[in-house]
Amino acid sequence: DAVQVGKDLQVKEQILWGLAHLASTYAFMLRFDDAEQVAAEGLAMAREMDNREFYSDIKTTESILEWRKGNLDAAIKAGEEAAQIGERIGLSIMVVFGLWGAGWSYGQRGEYNAAVDVLQTALRAAEPFAEFMPFLITMAKAPLGSVMIDAGMDRAAALEYHKHALALSENPVGGMSN
C-alpha cells in the first residue's frame, strides 16, 4: 500500500499521501474506527510537516466522520477549515469538499440559510472545473437541492439542481461523489 511504500522509501510525503487517501477510503467503506485512527495519524503528520494540502484533505474526511457521530459543530468546523486552507493554497477541490461537509451539516442542524449559502459557494468554486471534474458540481448541487426542499425553499430550483446532479452522475466521472 501507499503508506508502506513511503515507509520503505523513507519518503514522508508518500506516507502522508497514503494516509490521506486511506482515511477517506475507510470512511467511504464505513470502516469508521479505522478512518478515525488513520485520519488522526495523518493530521499529526501533516501538522509536523506543515503540509496544508493533505491537512486540508484529511479535514474533509474529519468533517464526514464528525457528521456521522452527530457532532455537527465539529463537522462544520472541520469542513470550513478545509475549505479555508484550500482557498488559501489554491486547491479548489478541497474548497468544494470542505464546503460540502459544512453545508450538509448546517442543513442537518436546520440552519438552512447557512447551508444554502455555503453550498452555493461550493458550487461557484466547482463551476470552473465542470468540464473535467463534473463530480464537484454534483457534490454541490445534490445537497443544495435537498437542503432547499427540506427548507421549503424554491422547489422548482431545487428540483433543477437534483436533475442536473443526476444527469452528471450518469457520467462515470460525474458520479464519483455518489
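Cut-offs and rules
Residues numbered from 1 in each chain as written. Predicted model: local features only at pLDDT ≥ 70, side-chain atom pairs only at ≥ 80, totals over all residues. Heavy atoms only, no water. Helix = DSSP H or I, 4+ residues; strand = E, 2+ residues; numbered from the N terminus. Rg over C-alpha atoms; globule rule 2.2 N^0.38 Å. Buried < 20%, exposed > 50% of the residue type's maximum accessible area, 1.4 Å probe, protein only. Contact = heavy atoms within 4.5 Å. Areas by Shrake-Rupley, 256 points an atom, 1.4 Å probe, with all protein chains shown as cover. Axes fitted to C-alpha atoms, helices over the stretch in contact; angles between N-to-C directions. Parallel < 35°, antiparallel > 145°, perpendicular 65-115°, else oblique. Left-handed = near helix turned anticlockwise from the far one by under 90°. Nonpolar A, V, L, I, M, F, W, Y, C, P; charged D, E, K, R; others polar. Salt bridge = Lys/Arg side-chain N within 4 Å of Asp/Glu carboxyl O. Expected span 1.5 Å × (residues − 1).

Colleague: Break down the overall build of the protein chain for me, with residues and values.
Modeller: Helix and strand content of the protein chain: nine helices and zero strands. By the compact-globule yardstick of 16 Å for 178 residues, the protein chain fits well, its C-alpha radius of gyration being 16 Å. Within the protein chain, buried positions represent 46% of all 178 residues. A separation threshold of at least 6 residues defines the contact pool for the protein chain, and within that pool the share at least 24 residues apart is 52%. For the protein chain, the accessible area works out to roughly 9100 Å², and carbon and sulfur atoms hold 52% of it.

Colleague: How would you summarise the packing of helix H7 (residues 112–126) against helix H8 (residues 134–151) if you had to cite specific residues and measurements?
Modeller: Two quantities define a packed helix pair, namely the angle between the helix axes and the distance between the axes. Axis separation between H7 and H8 bottoms out at 9 Å; the angle between their running directions is 160°. The orientation of H7 relative to H8 falls into the category roughly antiparallel. H7 and H8 meet at a crossing whose hand is left-handed. Between H7, through Tyr112, Ala115, Val116, Leu119, Gln120, Ala122, Leu123 and Ala126, and H8, the contact on the second element is made entirely by Leu136, Ile137, Ala140, Lys141, Pro143, Leu144, Val147, Met148, Asp150 and Ala151. Residue composition of the contact of H7 with H8, grouped by class: 15 nonpolar, one polar and two charged.

Colleague: Can you explain the pattern of salt bridges? Please cite residues and give values.
Modeller: A full pass over the atoms with the stated rule returns nine salt bridges. Its salt-bridge partner being lysine 12, residue glutamate 48 comes within 2.7 Å of it at the nearest N-O pair. Taken together, the residues span a long stretch of sequence, with glutamate 48 in helix H3 (residues 32–49) and lysine 12 in helix H2 (residues 12–28) at a distance of 36 residues. Among the residues examined, glutamate 48 registers a relative accessible area of 55% and is labelled exposed. Under the relative-accessibility criterion, lysine 12 is labelled partly exposed at 39%. With a shortest N-O distance of 2.7 Å, arginine 109 and glutamate 111 are connected by a salt bridge. Among the residues examined, arginine 109 registers a relative accessible area of 32% and is labelled partly exposed. Salt bridges sharing partners connect three or more residues here, namely Glu36, Glu66 and Lys69.

Colleague: If you had to explain the packing of H2 against H3 to someone new, which residues and values would you point to?
Modeller: Look at H2 against H3: their axes get within 8 Å of each other, and the N-to-C directions meet at 150°. The pairing of H2 with H3 is recorded here as roughly antiparallel in orientation. When the axes of H2 and H3 are compared, the crossing they make is left-handed. Listed contacts from H3 to Lys12, Glu13, Ile15, Leu16, Leu19, Leu22, Ala23, Tyr26 and Ala27 of H2 are Phe32, Asp34, Ala35, Val38, Ala39, Glu41, Gly42, Met45, Ala46, Glu48 and Met49. Classifying every residue of the contact of H2 with H3 by side-chain character gives 14 nonpolar, one polar and five charged.

Colleague: Can you lay out the environment of valine 118 for me, pointing to particular residues and giving the numbers?
Modeller: Positionally, valine 118 belongs in helix H7. When the C-alpha positions of valine 118 and glutamate 80 are compared, they lie 9.1 Å apart, and in sequence the two are 38 residues distant. Setting aside its immediate chain neighbours within four residues, valine 118 contacts Leu99, Ala102, Gly103 and Tyr106.

Colleague: Residue-level account of H3, with values.
Modeller: Given a rise of 1.5 Å per residue, 18 residues ought to cover 26 Å, and the 25 Å separating the end C-alpha atoms of H3 matches this to within 8%. Here H3 has its buried residues at Phe32, Ala35, Val38, Ala39, Gly42, Leu43, Met45 and Ala46. Along its buried surface, H3 packs onto H2 and helix H4 (52–68). Downstream of H3 by one or two residues, aspartate 50 has phi in the positive range, about 55°.

Function-wise, these values are silent; they only describe arrangement.
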